[in-house]
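# Remarks on the overall topology
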Amino acid sequence: MTRKTTRTKAPYQVDVLTIILVSALVLFGLVTLLDVFCDPFDGTETELADYVARMHFAFLWRQIGNIAISLLVAVPLAIFDYELYKPFAKTAYLVCLVLLLLLVLAGENTYGAFGWYKIGTRAFQPSEITKVVLIILLSKTAAERYERRGALSHPLDVLVCGLYVLVPFLLVLLQNDFGTAMVLLVIAVAILFCVRLHWAYLAAGAGASVAAAVVAWRFFFSEVQKNRIRVFLDPTRDLKGDGLNVLHAKQVIGSGGLWGKGYFVNGTLIQTGYVPVWHSDFIFAGIGEGVGFVGSVVLVLVFFWLFFHWLRTALRARDTYGRCLAVGCTAMLVSHVFENIGMCMGAMPVTGIPLPFISYGGSNMLASLACVGIVMSVYARATGRRQLK
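We now turn to the structure provided with this report. (Residues numbered from 1 in each chain as written. Predicted model: local features only at pLDDT ≥ 70, side-chain atom pairs only at ≥ 80, totals over all residues. Heavy atoms only, no water.)

### A few points about the overall build of the chain
Of regular secondary structure, the chain possesses 13 helices and four strands. Sequence separation of 24 or more characterises 76% of the internal contacts of the chain that already satisfy a separation of 6 or more. If you sum the accessible surface of the chain, you get close to 17800 Å²; carbon and sulfur atoms cover 70% of it. (Helix = DSSP H or I, 4+ residues; strand = E, 2+ residues; numbered from the N terminus. Contact = heavy atoms within 4.5 Å. Areas by Shrake-Rupley, 256 points an atom, 1.4 Å probe, with all protein chains shown as cover.)

And the structure:
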């Protein structure tokens, strides 16, 4: 089926709501990081200088630097028409595959995975950038085939899209980064849903996923990954490792009660290192302790307000490609929020997935703000939607 499209010219529209919500999340993240990196307060602080003396601003400035670098990518993505992404998609994809492959062959083990390049005192995680590149390439490929032949049902179209996902998925899995590999699958499913992938392929994919899970457990999962799943089912199995970490995280969240203990106060557990990687993977534990149940719910609602807005942007997109981009970016961030918060509360296995806009780290901040730029570009041109004939 051939579809002819016409495009109407429309002025650039700034996505003010996205800017407000993301800015609020980023600022909240900076305050949270400044709090969790403090030396424990002991209640003797009476003057501002006493509080400042316990704060470590070096990590705050690093995170601000991460945000600034990320904006250098996000702002152009937001300004330029998302059609301009297409010529660079395959080249960026190949570069990401090479970077992932080199880590598989000679990567350094960090927290049980081989996903980082060390550059001085900083680290770069190419799998984070791969998520964004996959969103662009898969959206481009799926949308072009959808506009030529309708619902994605031709075997060759499905094969091409599947290979684009499968190769980075396997490379990330070989790095012992199961969490990121799952995010790649979530992105793929969301984008292919937009082009109405035939139900038979969905059924086949579900069956293949079950078989792949069995094979991965037997041949690919490291003992660290297997133990994380066992601990998820029964945290008491490992009271010296991941199981204890999850129990401690839940204790820290629960200690915040309804309204929280507050930030920069005496008696908080997160500043004592009671949970590991408290500035990244388990940062939600510090949030729960600081702002309590009410504050945590407000944070989750802000995230879902942003995601709902992005899904509305997808519905208003001028073409299938823009719709796929917006849905893919939303799926990526939803999976991060779901996995990170679920992990801290013991509802998901420990996977090392950071909380977008809040966790400390440059690679995830870059990927998250890049998604912001992409969706803003789709929003800006939504009123110029193509009319199908």
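That covers the picture; the talk isn't over yet.
### Overview of the pattern of salt bridges
All told, the structure shown has ten salt bridges when counted by the stated rule. Two residues, Arg-54 and Asp-42, come together in a salt bridge whose shortest N-O distance is 2.9 Å. One end of the pair, Arg-54, is in the loop between α2 (48–53) and α3 (57–79); the other, Asp-42, is in the loop between α1 (16–36) and α2, and twelve residues separate them in sequence. On the accessibility criterion, Arg-54 (22% relative accessible area) is partly exposed. Overall, Asp-42 belongs to the partly exposed group, its relative accessible area being 41%. Salt-bridge contacts for Asp-157 lead to Arg-149; the nearest nitrogen and oxygen are separated by 2.5 Å. Three or more residues joined by partner-sharing salt bridges are found here, namely Asp-81, Arg-318, Asp-319 and Arg-381. (Salt bridge = Lys/Arg side-chain N within 4 Å of Asp/Glu carboxyl O. Buried < 20%, exposed > 50% of the residue type's maximum accessible area, 1.4 Å probe, protein only.)

### Here we look at the nonpolar core
Phe-303, Leu-325, Met-332, Leu-355 and Phe-357 are the most contacted members of the largest nonpolar core, which has 106 residues in total. The element contributing the most residues to this core is helix α12 (residues 320–344), with 13 residues. Among residues more than four places away in sequence, those in contact with Phe-303 are Leu-25, Val-337, Leu-355, Pro-356, Phe-357 and Ile-358. (Core = buried A, V, L, I, M, F, W, Y, C linked by side-chain atoms within 4.5 Å.)

### Overview of the packing of aromatic side chains
Using the criterion set out here, one finds eleven aromatic pairs in the structure. Between the aromatic rings of Tyr-82 and Tyr-321, the centroid separation amounts to 5.4 Å while the plane-to-plane angle is 55°, which identifies the pairing as tilted. Note that Tyr-82 is positioned in the loop between α3 and α4 (86–106) and Tyr-321 in helix α12, a separation of 239 residues in sequence. Residues Tyr-82 and Tyr-321 agree in their burial class; the two are buried. Between Tyr-93 and Tyr-164, the ring centres sit 5.5 Å apart and the planes meet at 80°, which makes this aromatic pair edge-to-face. One end of the pair, Tyr-93, is in helix α4; the other, Tyr-164, is in helix α6 (residues 155–174), and 71 residues separate them in sequence. On the accessibility criterion, Tyr-164 (16% relative accessible area) is buried. Every member of this aromatic cluster is reached through a ring pair, and the members are Phe-37, Phe-59, Trp-278 and Tyr-360. (Phe/Tyr/Trp six-rings, centres within 6.5 Å; stacked < 30°, edge-to-face > 60°.)

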